[in-house]
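Topology and contacts: notes
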Amino acid sequence: MTFSGLEWYWWLVIVAVLAVAVPCKIKFVKWWSRREQEKKQEQRGKWGDDA
């Protein structure tokens, strides 16, 4: 049984990889944005224009 030219077990592999990759990407994006905010705050305090 094939769907779009792939056997059924390859679709399971693809779904499993996506199930792991999507939450990891979300976690990474949240970490990255938090890191960027911390960098901005650190730089603002460094130059003294945090009014």
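Residues numbered from 1 in each chain as written. Predicted model: local features only at pLDDT ≥ 70, side-chain atom pairs only at ≥ 80, totals over all residues. Heavy atoms only, no water.

In terms of regular secondary structure, the protein is built from one helix and two strands. Along the protein, from the amino end to the carboxyl end, the secondary structure elements read β-β-α. By residue count, 0% of the 51 residues in the protein fall in the buried class. Of the roughly 5200 Å² of accessible surface on the protein, 65% is carried by carbon and sulfur atoms. (Helix = DSSP H or I, 4+ residues; strand = E, 2+ residues; numbered from the N terminus. Buried < 20%, exposed > 50% of the residue type's maximum accessible area, 1.4 Å probe, protein only. Areas by Shrake-Rupley, 256 points an atom, 1.4 Å probe, with all protein chains shown as cover.)

In the structure shown here, the tally under the stated rule is one salt bridge. Between Glu36 and Arg35 there is a salt bridge whose closest N-O contact spans 3.7 Å. (Salt bridge = Lys/Arg side-chain N within 4 Å of Asp/Glu carboxyl O.)

Another aspect to go through is the confidence of the model for the protein. With 82% of its residues at a pLDDT of at least 70, the protein reaches an overall mean of 85. For the protein, strand S1 (residues 2-3) is the element with the lowest average pLDDT, namely 72, and helix H1 (residues 8-47) is the one with the highest, namely 90. (pLDDT = per-residue confidence, 0-100.)

Counted by the stated rule, this structure contains five aromatic pairs. Here the guanidinium or amino end of Arg35 rests over the ring plane of Trp32, the centre of that ring lying 4.7 Å away. (Phe/Tyr/Trp six-rings, centres within 6.5 Å; stacked < 30°, edge-to-face > 60°. Lys NZ or Arg CZ within 6 Å of the ring centre and 35° of its normal.)

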